[in-house]
Amino acid sequence: MHLKKKKKCACVSLVCFQVVWVLHCSQLGCLPAISIFTMCSLKSQCLRSKSPFCFNPSGAGGWSPSDSDHYQWLQVDFGNRKQISAVATQGRYSSSDWVTQYRMLYSDTGRNWKPYHQDGNIWAFPGNTNSDSVIRHDLQHPVIARYVRIVPLDWNEEGQIGLRIEVYGCSYWADVINFDGHVVLPYRFRNKKMKTLKDVISLKFKTSESEGVIFHGEGQQGDYITLELKKAKLHILLYNQLGSIYGHTSVMTGSLLDDHHWHSIIIERHGRNINLTLDRHMQHFRTNGEFDYLDLDYEITFGGMPFSGKPSSNSRKNFKGCMESINYNGNNITDLAKRKKLEPSNVVRPHTVPVFFNATSYLEVPGRPSQDLFSVSFLFRTWNPNGLLVFSNFADDLGNVEIDINEGKVSDIFKKDTLKFSAGSGLNDGQWHEVRFLAKENFAVLTIDGDEASAVRTNSPLQVKTGEKYFFGGFPVQMNDSDHSLFQHSFQGCMQFIHVDDQLVDLHAVEQGQLGSFANVTIDMCAIIDRCVPNHCEHGGKCTQTWDSFKCTCDGTGYSGATCHNSIYELSCEAYKHLGRTSNYYWIDPDGSGALGPLKVYCNMTEDKVWTTVYHDLPMQTSVGVQLSVLQLNYSATMDQISAITSSAEYCEQFISYSCKMSRLLNTPEGNPYTWWVGKANEKHYYWGGSGPGIQKCACGIERNCTDPKYYCNCDADYKQWRKDTGMLSYKEHLPVSQVVVGDLDRPGSEAKISVGPVRCQGDRNYWNAASFVTSSSYLHFSTFQGETSADISFYFKTSASDGVFLENLGNTDFIKLELKSATEVSFSFDVGNGPVEIIVRSPNQLNDDQWHRVNAERNVKQASLQVDQLPLEVRKAPTEGHTRLELYSQLYVGAAGGQRGFLGCIRSLRMNGVTLDLEERAKVTPGVKPGCSGHCTSYGMYCANGGKCVEKYNGYSCDCSRTAYDGPFCIKDVGAFFEEGMWLRYNFHSPGTSVKDLVSRTLLSSTDPETTATDLDLNKEELSFSFSTTKSPCVLLYISSYTQDFMAVLVKPSGNLQIRYSLGGTKEPYNIDVDHRNMANGQPHTVNITRNGRDIVLYSLPTTSDTQFNSPKALFLGKVIEIGKIDQDIYKYNTPGFTGCLSRVQFNQIAPLKAALRPTNVSSHVHIQGELVESNCGASPLTIPPMSAATDPWHLDSGKLGFILCLLCLGIHPSASFYMRGDRYIHLS
């Protein structure tokens, strides 16, 4: 919705082609007006005449005031209002006189001047660098005014102020209607009632009042629309009573609209969507309620509300000021008012004269000295919480008095009497506030905003004798120290209606040097700026400001940074996974710095690919019992947020189920569906779970296994018994399910139940979206980057090159670029019109190490920043004044650009202002660039823990845990099981007939890499690790047998001590190592790591007579030893009734016997289990399983009493000693 644009006017020189009046003034007085009728241009050479400024086509000249100081200005009167679009300047002809910087003020009346604003600042135009060249500035937005004033700020140091000027623009005309605050302007509808789907209302207004209704329309049924000023801000209110939800909407925009300058408003409504444009700043919003049409009766009134007798209509003030160009749905209201002579009463234009103070200003006015009554009143407005308002020395050495604003309150201080009191609060809000202060002997009263009830009074001892001078906003630096104010902050802001000793101060007399004095103030102008409008704090950040700057408070928004631009959350579950996180609920922000807010999801990281789950509030098996039921699903996220997840996912699904009894579903094979579901785009879908778009079938119809083959859904057979149609909806462009409509329930006996699962999505295409740049001249190009006031860029890179350009985008003079400047330096440079800026991050380590590095760059109106990996953030503050908009026109180049050396390597997950650029898709059709990138394991292989092997994938990597005792995506999940009495597990290394050169056995038994494996199965060293918890002793935890008499065992002795036994031959008895004298059968988890290398085991050595080889390992036992042949007597004794407890992460060299039993693999054939093995994490209470019977337990003792056992395991690691040795000899117990 947009208004039809007006045809642009032809730009002409207003100075040269219009009859104009030039007034040369300084703030010390004005000279007579000079009429200019000559036809000249800036190329003309004008001669000087008696007047300070002349135009003469045949000579030289220009304006050069007699005094070159900051109080000079040149004023142009166009005779009537013009639309000004450009300004051009030259210096004085063939001289050393030119202006290097100036401001432009404009006005309708020659009073109440307004400075030209650009990029949120009072704009200072760059001037000339010599006397002859022409510098032209096209205004960012046109100015409509009758008067223009040029104020030199700086000039050539070797000369003085010299200026020739030309102003460009076109004619402007508009009927103006004055409103006096009493009379309103009604527009009667042709039809008594108006029911509109679309509305376009536009107008311009100016006022010096902070409150007032601009227009109002209402209907008898309760609808209304109101536009009004409240505290100098624009409020639009809409109300509609149609539907179940009351549609009350209130939106606020703008600030400081009581400046008595023109402001334009455009309201465009289409149904519930509204664009509200105030002075070129558009705000879009959607109204509450369920209405599309706005019903208004009889009329809409401009300038106030019609008197209706309703209390609400009388509580609002009418508008007082001027309006022009009022247009309502194509009707020119101002033209109708003029033709019908609906002339409002004459409005007395305000004669207020504001005065503008900066940090070095003061205004001195005389008072009536030696009076017993001190009286001051004035209005002020400011953003600063602190500042000096008034200061005056009393006569007769009675001290002084000052009035300050202190922390937003007005305070009065009598220095000699040490008396201080304050009133008001929050007075630094930019609004006009009135201060009235009166003091006499032993009495003083301070009143704020005319509120007598809240006035602060004091009857403290006080002597008053007024002095000669009153200083407002500051004081001269040459004042004696004893006369100085106690308050050190000068006032920054505006004052008006200044009264001293009950007399209004004539500020024009002050301006002309006839009264008092001043320094660095501007009279007849209030240049206050609301730096929070428009609000640069994004994502709901709260904006606060002082006179010179603003600050964003981002608490509770989910964002951080100077403008609350950066999300504090990761983009996806995939990103959390690669930070090493485990399955849990997480906040994610799918579009990063984009408009979508963060949402909470469940991240399931137990599989190779991460699942993201978004839940809704519809219970499973929801019964449906009326004829046409609409089941609404309310998700924990908005549809836009879910769409962001589904669009970036590789695959999405949502379970849906329909249980029926005499309730048909899709009415197959050829009927109209009774039930359907509504998806993401509010579209109806007539396929069911297990089927696909365009196929009116259920899963059984696709698989051809429906209960009745004549139908394509089980429920369509219309049986009286319960049937069900279930399946997954997996066409992600249609997900999520937002509604289910159930229809066939109007017959007796019809019943139905609906179940809809959460939305589950897998993978993140954006996270791994990558391209490889194989030549230094290769590049990808994209559309122009739109980052005028806020830009963020993030990506990963890996390279072996020492330099290269990552990306670049150019404008006429503006640009933005990121590059690798050297092997240790990343540079972020840009220019928004204030000159090039470069930020460099220097890394202590090489960045061309062919590993992934992350770059984050941001630029906003407050600052620019650059971060590489986790190195400190480099920040550069933006200038307080100057250009803030980044204007780019070229395409965005990723890689080589403009003949520069491009980037060689990989770039991944390139996001700009929350949007991921599809590098892979563009690389498919671009020479010199390949989609995807290999080598992820060089950066992410560290995440594969516990010996897991990193495996390269096209779009990432995975961890191969097959050679470990762990499971999960990063090989960190323990694989454990609970053992009941009598249970045992045997892992056979190989059978007696197996060749000793069997590669599988030789590889698994070796503790080293397969390529360096010994040629037989005799072991010179072993690595054994496992965890256990038990409350029973004695027991055998682990036993390794052999085809010889060699064995190894780990036991818990009757005392609960842990013992390791080795028998490698060469000794008569096994070598026993009592590792720890603590009771290990305490139900706590303990970890055992054993490494033997030859004869060395931890702090112990095997006897020198012992062999160093473990000959022909045969089998590994857990829980119990079931072996034929001779068994060590102690092991035989400890073996009954067997181990009871939990064993986990058992690994012997490269063999994980417990995992092989619980995770079927190609080595699972080596495993034999007696009893039922129940998986357990060994940190929770396992299931209780009946013990083995005596008939199946060869180690059963008749005297043993069997029963049910419940083993309680505790989370965490029990505190214990740890033993370490250098090299490969160590044992670790915990």
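Below is a summary of the structure that appears in this document. Note that this is a predicted model, so its numbers are computed, not measured. (Residues numbered from 1 in each chain as written. Predicted model: local features only at pLDDT ≥ 70, side-chain atom pairs only at ≥ 80, totals over all residues. Heavy atoms only, no water.)

**Considering the overall build of the protein**
In step 1: Within the protein one finds twelve helices and 86 strands.
In step 2: Counted over contacts in the protein with a minimum sequence separation of 6, partners at least 24 positions apart contribute 68%.
In step 3: Total accessible area computed for the protein in this model is approximately 54,600 Å², and 50% of it derives from carbon and sulfur atoms. (Helix = DSSP H or I, 4+ residues; strand = E, 2+ residues; numbered from the N terminus. Contact = heavy atoms within 4.5 Å. Areas by Shrake-Rupley, 256 points an atom, 1.4 Å probe, with all protein chains shown as cover.)

**What about the environment of Ser460?**
In step 1: With respect to the helices and strands, Ser460 occurs in the loop between β34 (456–458) and β35 (469–472).
In step 2: Residue Ser460 is classed as partly exposed on the basis of its relative accessible area, which comes to 26%.
In step 3: It is 9.0 Å that separates the C-alpha atoms of Ser460 and Glu441, two residues lying 19 residues apart in sequence.
In step 4: Those residues within four positions of Ser460 in sequence are excluded, and the remaining contacts are Leu419, Asn442 and Phe443. (Buried < 20%, exposed > 50% of the residue type's maximum accessible area, 1.4 Å probe, protein only.)

**Section: the sheet that holds strand β64 (residues 892–895)**
In step 1: With antiparallel pairing, six strands are arranged side by side in an open sheet as β55-β64-β57-β58-β59-β60. The open sheet has two free edges, formed respectively by β55 (779–782) and β60 (837–842), since each of these has just one partner strand. Neighbour-to-neighbour, the strand axes of this sheet turn through a mean angle of 15°, independent of strand direction.
In step 2: Here four bridges tie β55 to β64, and the two strands are oriented antiparallel to one another. For Tyr779, the partnering residue across the bridge sits in β64 and is Gly895. (Pairing = 2+ DSSP bridges. Axes fitted to C-alpha atoms, helices over the stretch in contact; angles between N-to-C directions.)

**A closer look at helix α6 (residues 639–648)**
In step 1: α6 sits mainly inside the fold: seven of its ten residues count as buried.
In step 2: Taken together, the buried positions of α6 are Gln641, Ile642, Ser643, Ala644, Ile645, Thr646 and Ser648.
In step 3: Where α6 is buried, its residues meet β43 (584–588), β44 (599–604), β45 (611–614), β48 (651–661) and β53 (751–762).

**Observations concerning the sheet that holds strand β17 (residues 224–230)**
In step 1: Strand order in the open sheet formed by six strands is β14-β23-β16-β17-β18-β19, with antiparallel pairing between adjacent strands. The sheet is open, and its two edges are formed by β14 (185–196) and β19 (247–253), each paired on a single side. Recorded for the sheet is a direction-independent mean angle of 15° between the axes of neighbouring strands.
In step 2: For β17 and strand β18 (residues 233–240), the ladder comprises seven bridges, and the chain directions are antiparallel. In the sheet register, Leu227 faces β18, and the bridge partner there is Ile236.

**Structural notes on the environment of Phe830**
In step 1: Along the chain, Phe830 turns up in strand β59 (residues 825–831).
In step 2: Along the backbone, Phe830 and Lys817 are 13 residues apart, and their C-alpha atoms lie at a distance of 6.2 Å.
In step 3: Excluding its chain neighbours within four sequence positions, the residues that come into contact with Phe830 are Phe815, Ile816, Gly835, Pro836, Val837, Arg859 and Ala864.

**Details of the layout of surface pockets**
In step 1: Taken as a whole, the second largest pocket spans an internal volume of roughly 1,200 Å³.
In step 2: Elements supplying a minimum of two residues to the lining of the second largest pocket: β42 (566–567), α5 (573–577), β56 (790–798), β61 (853–860), β62 (863–868) and α9 (937–940).
In step 3: No other element matches β61, which puts five residues into the lining of the second largest pocket.
In step 4: Considering only residue class, the lining of the second largest pocket consists of 19 nonpolar, 21 polar and eight charged. (1 Å grid on protein atoms, 1.4 Å probe; cavity = no way out; pocket = protein on both sides within 12 Å on 5 of 7 lines; lining within 4 Å. Points joined across faces, edges and corners; volume = space filled by probe spheres on them. Nonpolar A, V, L, I, M, F, W, Y, C, P; charged D, E, K, R; others polar.)

**Thoughts on the packing of aromatic side chains**
In step 1: If you walk through the whole model with that rule in mind, you get 48 aromatic pairs.
In step 2: For the ring pair Trp113 and Tyr147, a centre distance of 6.4 Å and an interplane angle of 75° mean the geometry is edge-to-face. Pair noted here: Trp113 is in the loop between β6 (99–107) and β7 (114–115) and Tyr147 is in strand β11 (residues 135–155), with a separation of 34 residues, a long-range link. Pair check on accessibility: Trp113 and Tyr147 agree, each one buried.
In step 3: Both rings, one in Phe421 and one in Phe437, keep their centres 6.3 Å apart while their planes meet at 40°; by these two values the pair is tilted. Within this pair, whereas Phe421 is found in strand β31 (residues 419–423), its partner Phe437 is found in strand β32 (residues 433–440), the two being separated by 16 residues in sequence. (Phe/Tyr/Trp six-rings, centres within 6.5 Å; stacked < 30°, edge-to-face > 60°.)

**Some details on unusual backbone geometry**
In step 1: A cis amide bond links Val533 to the next residue, Pro534, at an omega of 0°.
In step 2: Residue Pro1034 is bonded to the preceding Ser1033 through a cis peptide linkage, with omega at 0°.
In step 3: One can find Pro1034 in the loop between β74 (1021–1030) and β75 (1035–1042).
In step 4: Although it is not a glycine, Asp119 sits at a positive phi angle of roughly 55°.
In step 5: Mapped onto the elements of the fold, Asp119 is located in the loop between β8 (117–118) and β9 (121–122).
In step 6: Relative accessible area serves as the criterion here: at 13%, Asp119 is assigned to the buried category.
In step 7: At Asn520, a residue that is not glycine, the phi angle is positive and equals roughly 55°.
In step 8: Summarising the element assignment, Asn520 is placed in strand β38 (residues 517–523).

**So, the state of the cysteines**
In step 1: Scanning the entire structure with this criterion turns up twelve disulfides.
In step 2: Between the sulfur of Cys698 and that of Cys713 lies a disulfide, 2.0 Å long from S to S. Disulfide Cys698 to Cys713: torsion about the S-S bond roughly 90°, handedness right-handed. Of the two residues, Cys698 sits in the loop between β50 (684–685) and α7 (699–703) while Cys713 sits in the loop between α7 and β51 (723–729), which places them 15 residues apart along the sequence.
In step 3: The class for Cys713 is buried, based on a relative accessible area of 1%.
In step 4: Here Cys906 pairs with Cys933 through a disulfide, and the sulfurs are 1.9 Å apart. Disulfide Cys906-Cys933: torsion about the S-S bond near 90°, hence right-handed. Placement of Cys906 in strand β65 (residues 905–912) and of Cys933 in the loop between β67 (929–931) and α9 is noted, with a sequence separation of 27 residues between them. The same class applies to Cys906 and to Cys933, which are both buried. (Disulfide = S-S within 2.5 Å.)

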